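# Commentary on secondary and tertiary structure
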Protein chains: 4
Amino acid sequence: MNAEERKKQILEVAKRLFSKNGYYETQISDIVEAADIARGTVYQYFKNKDDIFATLLDSFYRQWEQAVSQGINEISIRTIDPVDYFRHRVRMTLVFFEGDREMCNIVLRMGHGLQRDFEAIMKKIEKRIYNLIMSDLELGIRAGNVRRDLNVELTANLLDGALLHIAYHYFVNKKGEKAAVDIEKLAGEVTAVFRDGIFCVPKQ
Amino acid sequence: MNAEERKKQILEVAKRLFSKNGYYETQISDIVEAADIARGTVYQYFKNKDDIFATLLDSFYRQWEQAVSQGINEISIRTIDPVDYFRHRVRMTLVFFEGDREMCNIVLRMGHGLQRDFEAIMKKIEKRIYNLIMSDLELGIRAGNVRRDLNVELTANLLDGALLHIAYHYFVNKKGEKAAVDIEKLAGEVTAVFRDGIFCVPKQ
Amino acid sequence: MNAEERKKQILEVAKRLFSKNGYYETQISDIVEAADIARGTVYQYFKNKDDIFATLLDSFYRQWEQAVSQGINEISIRTIDPVDYFRHRVRMTLVFFEGDREMCNIVLRMGHGLQRDFEAIMKKIEKRIYNLIMSDLELGIRAGNVRRDLNVELTANLLDGALLHIAYHYFVNKKGEKAAVDIEKLAGEVTAVFRDGIFCVPKQ
Amino acid sequence: MNAEERKKQILEVAKRLFSKNGYYETQISDIVEAADIARGTVYQYFKNKDDIFATLLDSFYRQWEQAVSQGINEISIRTIDPVDYFRHRVRMTLVFFEGDREMCNIVLRMGHGLQRDFEAIMKKIEKRIYNLIMSDLELGIRAGNVRRDLNVELTANLLDGALLHIAYHYFVNKKGEKAAVDIEKLAGEVTAVFRDGIFCVPKQ
DNA sequence: TATGAATGAGTATTCATTCAT
DNA sequence: GATGAATGAATACTCATTCAT
């Protein structure tokens, strides 16, 4: 096993344990035991326990950055139907969180409660999500698709909280249930609830 | 200072510190130092550190229970305008969280990330909020005020996440800012966003 | 309740708890709770926890002193049959220990293991018992009733250990059993085992 | 120093301190200081303080088990002279206790006073010693060597208490004295005291 | 690189004792 | 005398981190 693989292995194990037991209730002992490596090996690849956790958060942030930037540019928001665009954003968000339920759990459940240096990373993630929604809304207003009188700060927080909570509810809490979640249908229903409140479109 | 007051004093100090630094980063030493009492005194009133935290969560839950049960009964939901009722609920929720920003911070920020026995209390709080929204929606459907085709599970989570996130955003994150939050206005705007997506009312 | 009675009450309660749980596992809290008095009250009557225990040991020692000195003097040892005398001593010892099984338990079970100042008191008790047996044996030798070649140091220890162990076995360990112990019979049997080994008497 | 040696080292140091100061008056601090190791090292080898003590008691029990089972079987008791056999048992017991005076001190002095889980181990040791004596006596009765009318329960306790007390007296209390104890002579004298009271042999 | 024994600062908790009321 | 809230020194135990092999 080369260095890259070993580092990845440790991260995988740590992610599983952090997700299950939280940062403080996960010991280095648990990680080395689960990974079946020596205590010292962890410190060959990470400065300390914080570093492992921060690495996980950071890589999550990078993946999120990449995911939300995919296939969307200023052109498309002008050409496609704004409600379709909204639905697409919602679906993409849900798809992303579904992709890594353990990180989803870590970020959604314990993100806010983290002290130390993690708080900064979490704020960065939050800020990024928030800004994205904000810019979408502001673009929509300029394009005449979104109600001019909308309180964008409020709405951005509304959507932020709503989407993350749904992701948590369907992908973490209801994890054990048999029936797979139909994300397409979910995205449609979320859009339906918000459409008339946000967009300047004829009532269906 | 009698027993009741001393216990209350410890809880106040602990609440402030837990809110600021989280459960794990708050030491008994910090509490006794901030309260200017002896180490042992804490243990005259609480079994252990867990007990202090659980007492805070529990009392928060009890207050919330009382707050949401006030002035609303099955009659009123039939007589008052459903949208006004919704706005009222939103306002009450925000007023409640604004009333104790430290507990608001504790519950909203670190609630989910808590392991141990606290998880059970948090789940109870969440469940209670969720059920309240659910029952409101179901009553509305039966009364013909809420869209029949609404996915209530989804919408309850949507509203849950949205409201708590807004409370966190305006009462915890922006705490330092000068301008006081106009809760009445906020409640109106939240209602406006959700109204057409949830209720069977003529578009304004 | 006057001062004398209150002190006695505390001693009784403490004795019961020390006997049941040992010195270290008995807390002042346990004592005040069982006696239904305030914490501070204990310290009106005793200097500290040690003082309570030492008082118990000391009073036990005094009672023992008195008991063994009763009805025996140098005359009687010359006139009565030496074996009868031995049997009488054995019986008196057993009767004494049976009289206060809790102190019996404390002295026999935890006596040796005690550190601190108690060790001195225990040594005093042991020494007193040991010396008594020694002097009996030496008197017997001078009177020609006890074998001249007997190792009195060894025999005194033999008898000491044997008697205390029997007291412990029949009065503490077997405490719960229905059938009362027949001390008269016991004393006879103990005497029978030791008689020929110790005394210069014709074999029966 | 490998793991086995380190564990042994800690046990040795702990044994010395427990023997000197008792269980409750021996602190982990004392142990790590005496062993010149770090506080945490103790917990690499033992679950907690109880575990160290229990390990000592248990290993003592195991050694005793092995010692008493050596070289004696049902055959020998029938062929060798019963009094010689008795003397042999006494000598072996004394030799065993002399071999580890610190454990001797722990078991004989503080054994009975121990609460917690140690009580169970101590009872096991006591029971084992008691049963051994009992079975010897019963075998002797069946072989016609021991008086038929002997109260075996009483006698077993008599011998148990007597032997342990002698071991304590000669190996713990008089430890400092110059003249070494002549165990052979001691065993002979003990036998002489009990011989006529226990065995059916012509009076010498 | 990998190991895992050793480290020791840090933390919660206990409990005998005091003292103002 | 009686009370019991307050005290704080003492103690067991944890766990991230180091470093010689």
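Residues numbered from 1 in each chain as written. Chains lettered and ligands numbered in written order. Predicted model: local features only at pLDDT ≥ 70, side-chain atom pairs only at ≥ 80, totals over all residues. Heavy atoms only, no water.

What follows is about the overall build of chain A. For chain A, the helix and strand inventory stands at ten helices and zero strands. Across chain A, helices and strands are ordered from the amino to the carboxyl terminus as α-α-α-α-α-α-α-α-α-α. Taking all 204 residues of chain A together, the buried fraction comes to 54%. Long-range pairs, those at least 24 residues apart, make up 74% of the contacts in chain A between residues at least 6 apart in sequence. (Helix = DSSP H or I, 4+ residues; strand = E, 2+ residues; numbered from the N terminus. Buried < 20%, exposed > 50% of the residue type's maximum accessible area, 1.4 Å probe, protein only. Contact = heavy atoms within 4.5 Å.)

All names here are of chain A. Entries for chain A in the domain assignment read domain 1 (1–46) and domain 2 (49–198). Between the C-alpha centres of domain 1 and domain 2 the distance comes to 28 Å. With 14 residues of domain 1 at the contact, the number on the domain 2 side is 18 residues. Buried surface at the junction of domain 1 and domain 2, summed over both partners, amounts to about 1,600 Å²; 68% is from carbon and sulfur atoms. For the pair domain 1 and domain 2, the number of links is one salt bridge. Across the pair Lys 15 and Asp 100 runs a salt bridge, and its minimum N-O distance is 2.8 Å. Within the residue set of the side of domain 1 that touches domain 2, elements represented by two or more residues are helix H1 (3–21) and helix H2 (28–35). With six residues, H1 is the single largest residue contributor to the side of domain 1 that touches domain 2. Tallied by class, the residues present in the side of domain 1 that touches domain 2 amount to nine nonpolar, three polar and two charged. (Domains from an automatic or database assignment. Buried area = accessible area lost by both parts, 1.4 Å probe. Salt bridge = Lys/Arg side-chain N within 4 Å of Asp/Glu carboxyl O. Nonpolar A, V, L, I, M, F, W, Y, C, P; charged D, E, K, R; others polar.)

What follows deals with the protein's contact with DNA strand E. In the region of DNA strand E, 30 residues are neighbours, and Thr 41 and Tyr 45 of chain A together with Gly 40, Gln 44 and Tyr 45 of chain D sit closest. Among atoms of DNA strand E positioned within 4 Å of the protein, sugar and phosphate together represent 60%. Within the contact set of DNA strand E, a phosphate oxygen lies 3.3 Å away from a backbone nitrogen or oxygen of Ile 28 of chain B. Interatomic distance of 3.2 Å between a backbone N/O atom of Gly 40 of chain D and a base nitrogen of DNA strand E. Secondary structure elements with two or more residues in the surface near DNA strand E: helix H3 (39–45) of chain A, helix H3 (39–45) of chain B, helix H3 (39–45) of chain C together with helix H3 (39–45) of chain D. For the surface near DNA strand E, a count of residues per class yields nine nonpolar, 13 polar and eight charged. (Near = heavy atom within 4 Å. Polar contact = N/O pair within 3.5 Å; in protein donor to acceptor, adjacent residues only side chain to side chain.)

Time to look at the interface of chain D and chain C. Between chain D and chain C, the residue contacts involve 46 residues of the former and 46 residues of the latter. Both faces combined, the contact of chain D with chain C buries some 3,900 Å², and carbon together with sulfur accounts for 53% of it. Contact with chain C buries surface across chain D, with Arg 109, His 165 and Val 193 of chain D losing the most and accounting together for 16% of the total. Summed over the shared surface of chain D and chain C, the result is two salt bridges. The salt bridge partner of Arg 147 of chain C is Asp 196 of chain D, with a shortest N-O separation of 3.7 Å. Of all the secondary-structure elements, those providing two or more residues to the side of chain D that touches chain C are helix H1 (3–21), helix H7 (101–110), helix H8 (118–142), helix H9 (152–173) and helix H10 (183–198) of chain D. Per element, the largest residue contribution to the side of chain D that touches chain C is 14 residues, and it comes from H9 of chain D.

Per the counting criterion, the structure on display carries 48 aromatic pairs over all chains. The interplanar angle of 85° and the centroid separation of 4.9 Å between the aromatic rings of Phe 18 of chain B and Phe 53 of chain B together place this pair among those described as edge-to-face. Placement of Phe 18 of chain B in helix H1 (residues 3–21) and of Phe 53 of chain B in helix H4 (residues 49–69) is noted, with a sequence separation of 35 residues between them. In textbook terms, an aromatic cluster arises when at least three aromatic residues are bridged by ring pairs, as seen for Phe 18, Tyr 23, Tyr 24 and Phe 53 of chain A together with Phe 18, Tyr 23, Tyr 24 and Phe 53 of chain B. Residue placement shows Lys 49 of chain A over the ring face of Tyr 23 of chain A; its charged tip is 4.4 Å from the ring centre. (Phe/Tyr/Trp six-rings, centres within 6.5 Å; stacked < 30°, edge-to-face > 60°. Lys NZ or Arg CZ within 6 Å of the ring centre and 35° of its normal.)

Time to look at the relation of the copies chain D and chain C. Note on the identical chains: chain D maps onto chain C by a rotation of 180° and an axial translation of 0.0 Å, with an RMSD of 0.2 Å. What the rotation and shift describe, once combined, is the action of a two-fold rotation axis. An overlap of 100% is found between the interface residues of chain D and their copies at the interface of chain C, pointing to a shared contact surface. (Least-squares fit on C-alpha atoms with pLDDT ≥ 70 in both.)

Bringing the protein's contact with DNA strand F into the picture now. As a matter of local geometry, DNA strand F sits amid 30 residues, with Gln 44 and Tyr 45 of chain B, Thr 41 and Tyr 45 of chain C together with Arg 39 of chain D nearest to it. Here DNA strand F approaches the protein such that, of its atoms within 4 Å, sugar and phosphate make up 60%. One nitrogen or oxygen atom from the main chain of Ala 38 of chain C is found 3.2 Å from a phosphate oxygen belonging to DNA strand F. One of the side-chain nitrogen or oxygen atoms of Arg 39 of chain D is found 2.7 Å away from a base nitrogen of DNA strand F. Taken together, the elements giving at least two residues each to the surface near DNA strand F come down to H3 of chain A, H3 of chain B, helix H1 (3–21) and H3 of chain C together with H3 of chain D.

Core analysis: the biggest nonpolar cluster contains 142 residues, and Phe 194 and Ile 198 of chain A together with Phe 194 and Ile 198 of chain B have the highest contact counts within it. Residue contacts for Phe 194 of chain A: discarding those within four places in its chain leaves Phe 86, Leu 159 and Ala 162 of chain A together with Leu 158, Val 193 and Phe 194 of chain B. In terms of nonpolar packing, the next biggest core, distinct from the first, is built from 141 residues, Cys 104, Val 172 and Val 193 of chain C together with Val 193 of chain D among them. (Core = buried A, V, L, I, M, F, W, Y, C linked by side-chain atoms within 4.5 Å.)

Attention now goes to the relation of the copies chain B and chain A. One copy of the chain maps onto the other through a rotation about an axis followed by a shift along the same axis. Overlay of chain B on chain A (RMSD 0.2 Å): rotation 180°, translation along the axis 0.0 Å. With an isologous cut-off of 70% or more, the 100% of interface residues of chain B that recur at the interface of chain A puts this contact in the isologous class.

All names here are of chain B. Positive phi outside glycine occurs at Asp 36, with the angle close to 55°. Relative to the assigned elements, Asp 36 resides in the loop between helix H2 (28–35) and H3. The class of Asp 36 is exposed, set by a relative accessible area of 68%.

Looking now at the interface of chain B and chain A. Residue-level contacts link 46 residues of chain B with 46 residues of chain A. Across the chain B/chain A interface, buried area totals approximately 3,900 Å², and carbon plus sulfur atoms make up 53% of it. Where chain B packs against chain A, one counts two salt bridges. Viewed at the interface, chain A and chain B are joined by twelve residue pairs in polar contact (both at pLDDT 80 or more). When residues of the side of chain B that touches chain A are traced back to their parent elements, those giving at least two are H1, helix H7 (101–110), helix H8 (118–143), helix H9 (152–173) and helix H10 (183–198) of chain B. When grouped by side-chain class, the residues that make up the side of chain B that touches chain A number 19 nonpolar, 13 polar and 14 charged.

This next bit is on the packing of helix H6 (residues 82–99) of chain D against H9 of chain D. All names here are of chain D. The N-to-C vectors of H6 and H9 enclose an angle of 40°; their axes lie 10 Å apart at closest approach. With respect to each other, H6 and H9 are oriented oblique. Two packed elements cross with a definite hand, and for H6 against H9 that hand is right-handed. On H9, the residues touching Phe 86, Val 90, Leu 94, Phe 97 and Glu 98 of H6 are Leu 159, Leu 163, Leu 164, Ile 166, Ala 167 and Phe 171. Its residues assigned to classes, the contact of H6 with H9 shows ten nonpolar, no polar and one charged. (Axes fitted to C-alpha atoms, helices over the stretch in contact; angles between N-to-C directions. Parallel < 35°, antiparallel > 145°, perpendicular 65-115°, else oblique. Left-handed = near helix turned anticlockwise from the far one by under 90°.)

Residue and element names in this part refer to chain C. For helix H6 (residues 82–99), built from 18 residues, the straight-helix expectation of 26 Å at 1.5 Å per residue is met to within 8% by its first-to-last C-alpha distance of 26 Å. Along H6, the positions that sit buried rather than exposed are Pro 82, Val 83, Tyr 85, Phe 86, Arg 89, Val 90, Met 92, Thr 93, Leu 94, Phe 96 and Phe 97. The opening residue of H6, the one whose side-chain oxygen lies 3.2 Å from the backbone nitrogen of Val 83, is Asp 81. (Expected span 1.5 Å × (residues − 1).)

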